[in-house]
Amino acid sequence: MLKELFSIFVPDCPPWARELGLAREHKAIAKRHARVAAAWASHLAASRAAVMAAAERCLKHEQVLVIGAGDCLDVPVEELAAKFRRVILADIVIGTEARRWAKKFPARVSCASWDASGALAVVAAKKDTLVASEALAIFKNADAGPPPGGEADLVVSANCISQLGLVPGHALPATEKDSDLPDRCAKAAARRHLEWLGQRTGVRILLADSVRLNIAADGRILKRESLSERYGLLKPDRQWRWDLAPIPEWSPDFHRVHEVGAWIFG
Ligand SMILES: C[S@@+](CC[C@H](N)C(=O)[O-])C[C@H]1O[C@@H](n2cnc3c(N)ncnc32)[C@H](O)[C@@H]1O
């Protein structure tokens with residue numbers, strides 16, 4: 001009884017993904033949002049608006065797949081459920097918010113536990129002995145397989161592309177001697193995800209950080225890192241700023257700000 005009650009609040013996550021830090025990261029995102037909700041509000045609204053703009057391009061409205069749905073902060077679940085017959089909220093961690101949406105709209109919304117990188121089970125199984133080149137080869141060659149629920153009329157990649165290799169990369173013992181390894185895993189997994197998206201038949205929208213900035217309290221840009229260049233992405237269809245971690249959330253010396261892009265294909 002107590003176990004069942006507890007399970008309502010515990011995210012559903014395969015043990016191998018938990019071992020790679022995915023459940024912990026899910027909780028960290030929820031906690032950060034709770035602390036700085038006001039700073040995130042315009043980014044979340046812009047993300048939801050971009051998803052609905054992509055939905056307008058769909059000729060059919062049978063199914064939408066959301067990848068990296070998480071707590072659906074940036075996903076307009078209710079609007080999608082009004083427009084599409086089926087909404088699949090896919091993530092490797094299924095939390096209470098996604099389950100709540102499925103319960104609210106049981107005929108239309110469902111959750112799917114799914115690894116969008118296709119690499120996590122293998123990486124977790126070999127984690128302790130993996131050297132950098134092997135880890136990178138797994139992310140580069142992994143196959144996520146067919147989309148959960150089959151091909152969708154709309155595929156939403158919801159602000160998860162930069163996480164796919166980064167979070168597991170940080171869990172690798174090999175990273176202790178090679179601090180750049182998580183970033184290289186992130187690049188390999190992101191490029192693989194883009195290839196996978198390119199094979200889909202419906203309209204696709206990629207929501208992703210395109211630039212990461214550290215900005216001092218007086219407005220000076222201390223660091224600028226372009227992820228879209230690293231992933232080989234062209235100019236996004238829409239772009240806005242996300243005040244991800246205002247001072248002192250991440251550092252007492254700088255605000256962490258992301259430029260977020262929405263790329264709509266198909
Ligand atoms: C920055 S959060 C996205 C936030 C989410 N869209 C929301 O609105 O709450 C990244 C999400 O990607 C998910 N994720 C990370 N790696 C994944 C993988 N390999 N397969 C599926 N989902 C993954 C995380 O669990 C997390 O929910």
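Residue positions are counted from 1 within each chain, in the order its sequence is given. Two thresholds apply to this predicted model, a pLDDT of at least 70 for residue-level local features and 80 or more for giving and counting side-chain atom pairs, whereas whole-chain, interface and lining totals are computed over all residues. With hydrogens and water set aside, each side-chain value is computed from the structure's full complement of heavy atoms.

1. As for the pattern of salt bridges
Then comes step 1: For this analysis, a salt bridge means a side-chain nitrogen from Lys or Arg found within 4 Å of a carboxyl oxygen belonging to Asp or Glu. Taken as a whole, this structure holds 18 salt bridges when the rule is applied.
Then comes step 2: The residue Arg-35 makes a salt bridge to Glu-249 at a minimum N-O spacing of 2.5 Å. Placement of the pair is Arg-35 in helix α3 (residues 22-56) and Glu-249 in the loop between β7 (238-245) and β8 (254-265), with a sequence separation of 214 residues.
Then comes step 3: When the shortest N-O distance is used, the salt bridge between Arg-184 and Asp-180 registers 3.5 Å.
Then comes step 4: On the basis of relative accessibility, which here comes to 28%, the residue Arg-184 falls in the partly exposed class.
Then comes step 5: Buried means the residue's accessible area, taken with a 1.4 Å probe over protein chains only, is under 20% of the maximum for its type, while exposed means over 50%, and partly exposed covers the values in between. Using a relative accessible area of 40% as the deciding quantity, one classes Asp-180 as partly exposed.
Then comes step 6: Residues participating in the shared-partner salt-bridge network are Glu-19, Lys-127 and Asp-128. Secondary structure follows DSSP: runs of H or I at least 4 residues long count as helices, runs of E at least 2 residues long count as strands, and numbering of each begins at the N terminus.

2. Description of the pairing of strand β6 (residues 221-226)
Then comes step 1: Note that strand β5 (residues 203-216) and β6 share five bridges and pair antiparallel. Its bridge partner lying in β6, Leu-213 is registered against Arg-224.
Then comes step 2: Any two strands with at least two DSSP bridges between them are considered paired. Adjacent in sequence and paired antiparallel, β5 and β6 are bridged by four residues, among which Gly-219 carries a positive phi angle near 95°.

3. Side note on the nonpolar core
Then comes step 1: Buried Ala, Val, Leu, Ile, Met, Phe, Trp, Tyr and Cys residues that are joined via side-chain atoms within 4.5 Å together make up what is termed a nonpolar core. Of all hydrophobic cores here, the largest spans 48 residues; its most connected members are Leu-22, Leu-65, Ile-67, Val-123, Trp-196 and Leu-206.
Then comes step 2: Of all the secondary structure elements, the ones that give two or more residues to this core are α3, β1 (63-67), β2 (86-91), α6 (120-126), α7 (132-141), α9 (181-198), β5 and α10 (227-231).
Then comes step 3: The leading source of residues in this core is α9, at eight residues.
Then comes step 4: Counting residues in each nonpolar core, the second largest holds 38 residues, with Trp-40, Val-64, Cys-72 and Phe-84 among its members.

4. Brief notes about the packing of α7 against α9
Then comes step 1: To define axes, lines are fitted to C-alpha atoms, for helices over the stretch in contact only, and angles between the resulting N-to-C directions are given on a 0 to 180 degree scale. Two elements in contact, α7 and α9, have axes whose closest approach is 7 Å; the angle formed by their N-to-C orientations is 20°. What the angle tells us is that α7 and α9 run roughly parallel. The way α7 lies across α9 gives a crossing that is right-handed. Listed contacts from α9 to Ala-132, Ala-135, Leu-136, Phe-139, Lys-140 and Asn-141 of α7 are Leu-181, Arg-184, Cys-185, Ala-188, Ala-189 and Arg-192.
Then comes step 2: Throughout this entry, Asp, Glu, Lys and Arg are counted as charged residues, while Ala, Val, Leu, Ile, Met, Phe, Trp, Tyr, Cys and Pro are counted as nonpolar. The remaining residues, Gly among them, count as polar. Each residue belonging to the contact of α7 with α9 can be placed in one class, and the counts come to eight nonpolar, one polar and three charged. Between 65 and 115 degrees an angle is taken as roughly perpendicular, under 35 as roughly parallel, over 145 as roughly antiparallel, and anywhere else as oblique. Two helices that cross are described as forming a left-handed crossing if the nearer one is turned anticlockwise from the farther one by less than a right angle, and a right-handed crossing if clockwise. Residue contacts are defined here by distance: any two heavy atoms, one from each residue, within 4.5 Å place the two residues in contact.

5. Section: the environment of His-33
Then comes step 1: Note on placement: His-33 falls in helix α3.
Then comes step 2: Each C-alpha atom, one on His-33 and one on Ala-245, is 9.5 Å from the other, the two residues being 212 residues apart in sequence.
Then comes step 3: Beyond its immediate chain neighbours, meaning those up to four positions away, His-33 contacts Trp-40, Leu-44 and Leu-73.

6. Here's the deal with the site of the ligand
Then comes step 1: Throughout, the term near means that a residue has one or more heavy atoms lying within 4 Å of the molecule or strand in question. Taken together, 22 residues surround the ligand, and among them Gly-68, Leu-73, Asp-74, Asp-91 and Asp-115 come closest.
Then comes step 2: Two N or O atoms form a polar contact when they lie within 3.5 Å of each other; inside protein one atom must be a possible hydrogen donor and the other a possible acceptor, and for residues adjacent in sequence the pair counts only when both atoms belong to side chains. Between the ligand and the protein, one listed contact pairs a nitrogen atom with a backbone N or O atom of Gly-68 at 2.8 Å.
Then comes step 3: Here a nitrogen atom of the ligand sits 2.8 Å away from a polar atom, N or O, in the main chain of Ala-116.
Then comes step 4: Only the protein chains shown count as cover for residues, and the accessible areas themselves come from Shrake-Rupley with a 1.4 Å probe. Calculation on the ligand without its partners gives an accessible area of 600 Å², and the protein chains cover 94% of this total.
Then comes step 5: Here the residues of the shell around the ligand sort into 13 nonpolar, five polar and four charged.

7. Focus on empty space enclosed by the protein
Then comes step 1: With a 1 Å grid spanning the protein atoms alone, the term cavity applies to any set of points in which a 1.4 Å probe fits but cannot get out, the term pocket to an open set with protein on both sides within 12 Å along at least five of seven lines, and the term lining residue to any residue with an atom within 4 Å of a point. Grid points are joined across faces, edges and corners, and a volume is the space filled by probe spheres set on the points. Taken as a whole, this structure holds one cavity of 30 Å³ or more when the rule is applied.
Then comes step 2: The calculated volume of the largest cavity comes to roughly 60 Å³.
Then comes step 3: A per-element tally of the lining of the largest cavity places α9 first, with four residues.
Then comes step 4: When grouped by side-chain class, the residues that make up the lining of the largest cavity number six nonpolar, two polar and two charged.

8. Here we look at α3
Then comes step 1: In this model α3 runs just 32 Å from its N-terminal to its C-terminal C-alpha over 35 residues, more than 12% under the 51 Å that 1.5 Å per residue would give.
Then comes step 2: At Ala-37, α3 shows its maximal bend, which comes to roughly 95°. To estimate how far a helix should extend, the number of its residues minus one is multiplied by 1.5 Å. Bending is quantified residue by residue as the angle between axes fitted to the seven-residue window ending at that residue and the seven-residue window starting at it.

9. Remarks on the packing of aromatic side chains
The geometry of an aromatic ring pair is captured by the separation of the ring centres together with the interplanar angle, meaning the angle of the planes.
Then comes step 1: Aromatic pairs are defined between Phe, Tyr and Trp rings, using the six-membered ring for Trp, whenever the two ring centres lie within 6.5 Å; interplanar angles under 30 degrees are classed as stacked, those over 60 as edge-to-face, and all others as tilted. Scanning the model with the defined rule gives three aromatic pairs in all.
Then comes step 2: An angle of 85° between the planes, with centres 5.1 Å apart, marks the rings of Trp-40 and Trp-242 as edge-to-face. In this pair, Trp-40 is assigned in helix α3 and Trp-242 in strand β7, connecting sequence segments 202 residues apart. Across this residue pair, the class does not change: Trp-40 and Trp-242 are buried.
Then comes step 3: The ring of Trp-101 carries Arg-100 above its face, with NZ or CZ at 5.0 Å from the centroid.
Then comes step 4: Over the ring of Trp-250 we find Arg-256; its NZ or CZ atom is 4.7 Å from the centre of that ring. Counting as a charge over the ring demands two things of the Lys NZ or Arg CZ atom: a distance within 6 Å of the ring centre and an angle within 35 degrees of the ring normal.

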